[in-house]
Amino acid sequence: MYTPTTADHFHHPRHAGPLADADAVGRNGTAGHGPYMVLYLRVESERIAQAGFQTYGCPAAIASGSWLSEWLIGKSLQAATEIVPAVIDAGLGGLPLGKEHCPPLAIGALRDALAQLKEKPSC
């Protein structure tokens, strides 16, 4: 059973969709084969100014992407490097058994995006 917070993020996802002028686009999973997450980041002055996500997955994957993208906005790049899947799970009020893979899916996309930003000295 999903918590009210998870259900809200699933039914009303925040920041869903791509950012046309993203500074980094992180991906995790395999497109077309199970859960897949894309995370878009726009950075200004070492802070995440905007985030967006797209996912092919279950309600818990959508909620994880929504929660993470909302949490990221305004955070420093350093803070973004420190978030772990358990923070997403706790923020959603706990996910049911069998859905434990969803927060790590979102974090993996974030890690991929952050790795791209490390390669860009202008961010």
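Engineer: What am I meant to see in the overall build of the protein here?
Structural biologist: Along its length, the protein carries five helices and three strands. Considering only C-alpha atoms, the protein reaches an extent of 45 × 30 × 20 Å along its principal axes. The 123 residues of the protein split such that 42% are buried. Nonlocal contacts in the protein, meaning residues at least 24 apart in sequence, comprise 61% of its contacts between residues at least 6 apart. Entry remark: accessible area of the protein is about 6,100 Å², with carbon and sulfur atoms responsible for 56%. Distance from the positive charge centre (9 side chains) to the negative charge centre (11 side chains) of the protein: 1 Å.

Engineer: Help me understand the packing of helix α2 (residues 59-72) against helix α5 (residues 102-118) in this model?
Structural biologist: Between two packed helices, both the angle of their axes relative to each other and the distance between the axes serve to describe the pair. It is the contact of α2 with α5, at a shortest axis distance of 8 Å, that shows an interaxial angle of 45 degrees. Between α2 and α5, the angle is such that the two are oblique. Read as a crossing pair, α2 and α5 show a hand that is right-handed. Each of Ala60, Ala61, Ser64, Gly65, Leu68 and Leu72 in α2 lies in contact with α5, whose residues at this interface are Cys102, Pro103, Leu105, Ala106, Ile107 and Leu110. The class makeup of the residues in the contact of α2 with α5 is ten nonpolar, two polar and no charged.

Engineer: Quick question: what am I supposed to make of the pairing of strand β1 (residues 24-29) here?
Structural biologist: It is a general feature of regular strands that their side chains alternate between the two faces of the sheet. Note: β1 against strand β2 (residues 36-44), six bridges, orientation antiparallel. For Val25, the partnering residue across the bridge sits in β2 and is Tyr40. The turn joining β1 and β2, which pair antiparallel and follow one another in sequence, is formed by six residues; a positive phi near 85 degrees is taken by Gly32.

Engineer: So what exactly am I meant to see when it comes to the nonpolar core here?
Structural biologist: Generally speaking, nonpolar side chains in soluble globular proteins are found buried as a group. Membership of the largest hydrophobic core comes to 31 residues, with the highest contact counts inside it found for Leu39, Leu41, Leu68, Leu72, Ile88 and Leu110. Counting residues per element, the ones that place at least two in this core are β2, β3 (47-56), α2, α3 (77-82) and α5. Sorting elements by how many residues they give to this core places α5 first, with nine residues. The residues touching Leu39, leaving out its near neighbours within four places in the chain, are Ala24, Val25, Gly26, Gly52, Phe53, Leu68, Leu72, Ala109, Leu110 and Ala113. Formed by five residues, the second largest nonpolar core is a distinct cluster that contains Leu19, Val25, Tyr36 and Val38.

Engineer: For this particular structure, what's the right way to read the sheet that holds β3?
Structural biologist: Think of a sheet as strands paired side by side through backbone hydrogen bonds, with each pair either parallel or antiparallel. Pairing is antiparallel in the open sheet, where three strands are placed in the order β1-β2-β3. Edge positions in the sheet fall to β1 and β3, since each has one partner strand and no second. Neighbour-to-neighbour, the strand axes of the sheet open up by a mean angle of 15 degrees, direction not taken into account. The pairing of β2 with β3 spans nine bridges and is antiparallel. Bridging across to β3, Tyr40 finds its partner in Gly52. Lying over the sheet, α2 contacts β2 and β3, oriented at roughly 175 degrees with respect to β3. Sheet strands in contact with α5 are β1, β2 and β3, and its direction is about 145 degrees off that of β1.

Rules and cut-offs
Residues numbered from 1 in each chain as written. Predicted model: local features only at pLDDT ≥ 70, side-chain atom pairs only at ≥ 80, totals over all residues. Heavy atoms only, no water. Helix = DSSP H or I, 4+ residues; strand = E, 2+ residues; numbered from the N terminus. Buried < 20%, exposed > 50% of the residue type's maximum accessible area, 1.4 Å probe, protein only. Contact = heavy atoms within 4.5 Å. Areas by Shrake-Rupley, 256 points an atom, 1.4 Å probe, with all protein chains shown as cover. Lys, Arg positive; Asp, Glu negative; His and termini not counted. Charge placed at Lys NZ, Arg CZ, Asp CG, Glu CD. Axes fitted to C-alpha atoms, helices over the stretch in contact; angles between N-to-C directions. Parallel < 35°, antiparallel > 145°, perpendicular 65-115°, else oblique. Left-handed = near helix turned anticlockwise from the far one by under 90°. Nonpolar A, V, L, I, M, F, W, Y, C, P; charged D, E, K, R; others polar. Pairing = 2+ DSSP bridges. Core = buried A, V, L, I, M, F, W, Y, C linked by side-chain atoms within 4.5 Å.

By themselves these figures say nothing about function.
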